[in-house]
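This is what each chain is made of:
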Amino acid sequence: MVSSKAVMIGSVKYGDNSSIITLFTREMGMVSFMCKRKLHLLPMSIVEISFENRQNRRIQYFKDIKLVTPFTGLAENPYKMTIVMFLAEVLRYALREEKESKDIFDYIEKEMSWLDVAENEFSSFHITFLTNILKFLGYNPEFDTSITKEPRLMNHNERNHHTEILMDYYRQHLPSFPAIKSLEVLKGIFS
């Protein structure tokens, strides 16, 4: 039996009453689960799970899942939710090969907790967050000095430009990293 904290990355409806949810677990990295009940979890929610790890299965089954940290500040703020949805989509592809993940998980949990309570100066959160995730993955991007300004001080256009550069970096360095669908929505906020 495996017990682990995990972060909700995404879910896909499967049939009439089921869904397949993808979690980034602290103990095993990215794991997909068949879920036969409705879960009302926001992307990037922190949960505690237990399951029997069947190594011959691509999709596991829960024994138990419970919400650990209710991020009410994220749920109530459409700007924060746009950032969270973007980050969950990026992480789905960026972390899919990660196995041992305690440092990455702890970083995600700490940063999501910060974003949940942040009252201002979070409009460039995703830039710092994704740059730091790259460092956990063994990359050390060196960006042109015109875009390395303190992220909190970026205007809308600079923020969008830097986000595009980050996404190009991810596509160039991570295998099969696709175009991120939620990027256009993210670029439209904070104008």
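Source: prediction; values computed, not measured.

## Thoughts on the packing of aromatic side chains
Alright, step 1. Applying the stated criterion to the full structure yields 9 aromatic pairs.
Alright, step 2. Here Y93 and F177 contribute two aromatic rings whose centre-to-centre distance is 6.3 Å and whose plane-to-plane angle is 80 degrees, an arrangement assigned as edge-to-face. With Y93 in helix α2 (residues 78-94) and F177 in the loop between α5 (156-173) and α6 (183-188), this pair connects stretches of sequence that are 84 residues apart.
Alright, step 3. Using a relative accessible area of 22% as the deciding quantity, one classes Y93 as partly exposed.
Alright, step 4. Overall, the relative accessible area of 6% leaves F177 in the buried class.
Alright, step 5. Seen in terms of ring centroids, Y107 and F136 are 5.2 Å apart; in terms of plane orientation they differ by 45 degrees. Their pairing is tilted. Taken together, the positions of Y107 in helix α3 (residues 102-117) and F136 in helix α4 (residues 125-136) put the pair 29 residues apart, joining distant regions of the chain.

## Overview of the side chain of E89
Alright, step 1. Tracing the sequence through the fold places E89 in helix α2.
Alright, step 2. No salt bridge is formed by the buried E89; the nearest opposite charge belongs to R92, separated by 6.0 Å.
Alright, step 3. For E89, the side chain forms a polar contact with the main-chain nitrogen of K181, separated by 2.8 Å.
Alright, step 4. Among all residues touching E89, those that are not within four sequence positions of it are A179, I180, K181 and S182.

## Details of α3
Alright, step 1. The first and last C-alpha atoms of α3 sit 23 Å apart over 16 residues, in line with the 22 Å expected at 1.5 Å per residue.
Alright, step 2. Along α3, the residues classified as buried are I104, F105, Y107, I108, E109, E111, M112, L115 and D116.
Alright, step 3. Where α3 is buried, its residues contact β1 (2-14), β2 (18-25), β4 (46-51), α1 (72-75), α2 and α4.

## Side note on the packing of α4 against α5
To characterise two packed helices, one gives the angle between the axes of the helices and the distance between these axes.
Alright, step 1. Running from amino to carboxyl end, α4 crosses α5 at an angle of 20 degrees, the nearest separation of the two axes being 10 Å. Relative to α5, α4 is oriented roughly parallel. Crossing geometry of α4 relative to α5 is assigned as left-handed. Contacts between α4 and α5 involve H126, I127, L130, T131, I133 and L134 on the former and, on the latter, R159, H162, T163, L166, M167, Y169 and Y170.
Alright, step 2. Here the contact of α4 with α5 is built from residues that sort into 8 nonpolar, 4 polar and 1 charged.

## So, the layout of surface pockets
Alright, step 1. One number sums up the size of the largest pocket: a volume of about 410 Å³.
Alright, step 2. Around the largest pocket sit 15 residues that line it, and M30, V31, S32, R58 and I59 are the ones nearest its centre.
Alright, step 3. Going through the elements one at a time, β2, β3 (29-35) and β5 (59-69) are the ones with two or more residues in the lining of the largest pocket.
Alright, step 4. Broken down by class, the residue content of the lining of the largest pocket amounts to 6 nonpolar, 5 polar and 4 charged.
Alright, step 5. Estimates place the volume of the second largest pocket at around 240 Å³.
Alright, step 6. Forming the boundary of the second largest pocket are M8, S11, K13, D16, N17, S18, S19, I21, R37, K38, L39 and L41.
Alright, step 7. Listed by contribution, the elements that provide at least two residues to the lining of the second largest pocket are β1 and β2.
Alright, step 8. Here the lining of the second largest pocket is composed, by residue class, of 4 nonpolar, 4 polar and 4 charged.

Definitions and limits used
- Residues numbered from 1 in each chain as written.
- Predicted model: local features only at pLDDT ≥ 70, side-chain atom pairs only at ≥ 80, totals over all residues.
- Heavy atoms only, no water.
- Phe/Tyr/Trp six-rings, centres within 6.5 Å; stacked < 30°, edge-to-face > 60°.
- Helix = DSSP H or I, 4+ residues; strand = E, 2+ residues; numbered from the N terminus.
- Buried < 20%, exposed > 50% of the residue type's maximum accessible area, 1.4 Å probe, protein only.
- Lys, Arg positive; Asp, Glu negative; His and termini not counted.
- Salt bridge = Lys/Arg side-chain N within 4 Å of Asp/Glu carboxyl O.
- Polar contact = N/O pair within 3.5 Å; in protein donor to acceptor, adjacent residues only side chain to side chain.
- Contact = heavy atoms within 4.5 Å.
- Expected span 1.5 Å × (residues − 1).
- Axes fitted to C-alpha atoms, helices over the stretch in contact; angles between N-to-C directions.
- Parallel < 35°, antiparallel > 145°, perpendicular 65-115°, else oblique.
- Left-handed = near helix turned anticlockwise from the far one by under 90°.
- Nonpolar A, V, L, I, M, F, W, Y, C, P; charged D, E, K, R; others polar.
- 1 Å grid on protein atoms, 1.4 Å probe; cavity = no way out; pocket = protein on both sides within 12 Å on 5 of 7 lines; lining within 4 Å.
- Points joined across faces, edges and corners; volume = space filled by probe spheres on them.

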